[in-house]
Every structure is written in structure tokens, then in C-alpha cells.
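If you want the building blocks of each chain, they are given just below.
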Amino acid sequence: MKRIVLFFSAMMIFLLGLAAWNVKAGSLSIPAKELWSILTGSLKEGASYQILWNIRLPRILSGILLGGALAVSGFLLQTFFGNPIAGPYVLGISSGAKLVVAMVMIFCLSKGIYLSSLGMVAAAFVGSLLAMGFVLLVSLRVQKMSLLIVCGIMIGYVCSAVTDFCVTFADDSNIVNLHNWSQGSFSGIQWPGVKFMAWMILFTCLVTFAFSKPMGAYQLGEAYARNAGVNVKLLRFLLILLSSLLSACVTAFAGPISFVGIAVPHLVKLMTKTAKPLVLIPGCFLCGAVVTLFCDGIARTVFAPTEVSISSVTALLLAPVVIVMMVRKKEVRRA
């Protein structure tokens, strides 16, 4: 219990520290006095106000929300498949969502139609479900989980290739700018988008948390879950639905972000020494927010004024974590 309390306390401290760093970091340094005036509402004009209120704060909040959503989505997929490297990016779910969103946006922009936040999330959700459905169809024919993961990776490559073709050969300059989004970025997110994703993600995470007990039984095996009175078919359907909705929300607003959904659940399990969903769901959300906010800060400051794709940073920092986790698990099994 002490370990869990310490973990949540540390995550909150890191989150506040990273939020403060992201507020201050950038080409324009805002003095502490001016920063306080903006945050308290006494200053509502000037370049500092515009940069902080309309650019940095929406980006920080979206990084927290979307990072947490991605980590929880990864945990749900790992629970569903019973595989430690299952995640929305690896299984091609993020790529499927990216493909449908890109095609819908290209069509709408070419017709002069404005696509709302709800429309983007709906398109991403359809893409997520299509990719997940294909993975599930493959799982009926493939017995080995390693082959299923490979099929998911192949689906992701195909969807990404089709998306790149669509974006590359688009004529409209606004459509060509979708390339930055397709690589993963929190830039350009405004307050209406933040409000929408906050409502969507927090509601979905609360529903997920409400099913912590059935998920705990499901982790011990389907037979055990049935004997405990869990409706396994309904639970599996909810796991797919909730994970697809969370990953769709991330992809719709920020594009595909790699490795957060895979690595964060492992890190939380390692730090808390528990696999209980009651602890892991909020723990994954907090840790995912911390990791994503840290990676986003690096992406926009290390090579400033050039901004690096956040997926490049997450892959660089989190891929080694996944490799180490897999090697450790194999060594434990051999022992």
C-alpha cells in the first residue's frame, strides 16, 4: 500500500513539475510575475497572454489527457489479448484510425466542409473498429499470439502507406499540411478541442474504472471470470469498445503516437508491484500523462525552433523500455 501511495504522489509531483516546465519553456520566456497575472486573469492581452493562453496551455492539457487515454487504451488491449506488447500502435488500430480520419479530412477540405471535433473522433473511431475487427478476424485463424502481433504490425504499415499516398498526392495546400498531423503532434489544438476531449476521455475512463473488478477476474482466466459471475462476452466487447474510443480520440486530435500504450502499463506494474485494474487504470492515466508531457516538451524545445514529431521522441525513449521489459520477463520465466 505504501508503494502505491508513493507512486501516485510521485506521479502528481512530476506532472505538476512538467506542466510548469512546459509553461515556461519556449522561444518566449514569460516572467513569473507576468505568468501569475495571466493565470489569475488579471492580464488578458499582449504577446505573452496569447502564447500562454491560446498555445501552451491547450497543448499541455491535451498532452495530459491524450497521454493518459493512450496508456489506458494500451492497458485494456493488453488485458483483452493477454499479451504484454499489445497496444493501439502495434496492432495497427492507431494507423487504421489515422487512415479514415485523413481520408475524411481530405474529402471535407476538398469540398470546403468544416469537420468538427465530433466528426474527427467519429471517423477515427470507425477506423479503429475496422482495424480491430480485422485483427480479431485474423485471431480466429492464428493461434500464436506472436503471429497475431505481426499481422497487426502489417495492418499498421498498410494503413500508414495508404495515408501517406493520400496526403502526398493531395493538391490543396491545407491538405498537404496534414503531413505534420499524420506524424503525431499536439500543436494547433485549441480550447474547444480540449473541452471536447476532456469530456470524452474522462467519461470513458470512468466507465473503464467502473469495470475494474470484472477485469481483475478476467485477468485470472475466462473460466475463473465465468465462475465469478462475469459476462465474459460483454466484458470483451466493452474492452474493445473502450480501448478503440480512447485510441480514436488520441488519433483524431494528435495523430498516431507510438509506444506509450505499450510501455506505460509495464512501467506502472513495475513501480506498483501489482496487476490490479483498480490501481493500474488511474496509475496508467497519470503515468501516461507524465511520459507524454515530458516527450512533448522535448519534441518542441530540444531542436527549437524546429519541432520534432512526438512519435519520434516516444519511440526513442520508450522502445528500449519495452525491449528491457520483454527480456526481463523471458529471464523470469526461464528461472
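Structure: see above.
This text gives an overview of the structure that appears in the document. Residue numbers here run from 1 along each chain, matching the order of that chain's written sequence. Only residues with pLDDT of 70 or above have their local features reported here, since the model is predicted, and side-chain atom pairs are shown and tallied only from 80 upward, although totals for entire chains, interfaces and linings are computed over all residues. Side-chain numbers here rest on the full set of heavy atoms in the structure, without hydrogens or water.

1. Brief notes about the environment of Leu35
Okay, step 1: Mapping Leu35 onto the fold places it in helix H2 (residues 32-40).
Okay, step 2: Note: C-alpha distance between Leu35 and Val23 (12 residues apart in sequence) is 8.8 Å.
Okay, step 3: Pairs of residues are marked as contacts when any of their non-hydrogen atoms sit within 4.5 Å. Each residue touching Leu35, except ones within four places of it in the same chain, is listed here: Val23, Lys24, Ile30 and Leu52. Each helix is a run of DSSP H or I of at least 4 residues and each strand a run of E of at least 2, with the numbering of both proceeding from the N terminus.

2. Let's talk about the packing of aromatic side chains
Okay, step 1: Working definition: rings of Phe, Tyr and Trp (its six-membered ring) pair if their centres are within 6.5 Å, and the pair is stacked with planes under 30 degrees apart, edge-to-face with planes over 60 apart, and tilted otherwise. If you walk through the whole model with that rule in mind, you get 6 aromatic pairs.
Okay, step 2: Between Phe196 and Phe253 the ring centres are 6.3 Å apart and the planes differ by 50 degrees, which places this aromatic pair in the tilted class. Of this pair, Phe196 sits in helix H9 (residues 191-210) while Phe253 sits in helix H12 (residues 232-254), and the two are 57 residues apart along the sequence.
Okay, step 3: Residue class for Phe196 comes out buried when judged on its relative accessible area of 18%.
Okay, step 4: Look at Trp199 and Phe203: their rings are 6.1 Å apart centre to centre, the planes differ by 5 degrees, and that puts the pair in the stacked class. With Trp199 and Phe203 both in helix H9 and 4 residues apart, the pair spans about one turn of that helix. When a residue's accessible area, from a 1.4 Å probe over protein chains only, is under 20% of the maximum for its type it is buried; when over 50% it is exposed; and in between it is partly exposed.

3. Let's talk about a nonpolar patch on the surface
Okay, step 1: Taken together, the side chains of Trp21, Phe294, Leu316 and Leu317 make up a nonpolar region of the molecular surface, amounting to roughly 390 Å² of accessible area.
Okay, step 2: Relative to the assigned elements, Trp21 resides in helix H1 (residues 2-24). Patch construction takes residues with relative accessible area above 30% that form no salt bridge. Like charges are linked within 9 Å, and nonpolar side chains (Val, Leu, Ile, Met, Phe, Trp, Tyr) are linked within 5 Å. Only the protein chains shown count as cover for residues, and all accessible areas are computed by the Shrake-Rupley method using a 1.4 Å probe. Here a salt bridge means any side-chain nitrogen of Lys or Arg lying within 4 Å of a carboxyl oxygen belonging to Asp or Glu.

4. Quick look at the pattern of salt bridges
Okay, step 1: Counted according to the given criterion, the structure contains 4 salt bridges.
Okay, step 2: The residue Arg59 makes a salt bridge to Asp296 at a minimum N-O spacing of 2.8 Å. Taken together, the residues Arg59 in helix H3 (residues 47-81) and Asp296 in helix H14 (residues 277-301) connect sequence positions 237 residues apart. We note that Arg59, like Asp296, is buried.
Okay, step 3: Put simply, Glu222 and Arg226 hold a salt bridge, and the shortest N to O gap is 3.3 Å. Placement of the pair is Glu222 and Arg226 together in helix H11 (residues 222-227), with a separation of 4 residues, close to one helical turn.
Okay, step 4: A cluster of three or more residues bridged by salt bridges with shared partners is formed by Arg59, Asp296 and Glu307.

5. Considerations on unusual backbone geometry
Okay, step 1: Phi is positive for Phe259, which is not a glycine, with a value near 70 degrees.
Okay, step 2: Inspection of the secondary structure puts Phe259 in the loop between H12 and helix H13 (260-272).
Okay, step 3: Even without glycine at this site, Lys273 takes up a positive phi of about 60 degrees.
Okay, step 4: Counting through the fold element by element, Lys273 comes out in the loop between H13 and H14.
Okay, step 5: The exposed category is assigned to Lys273, whose relative accessible area is 55%.

Nothing here speaks to function; it is geometry throughout.
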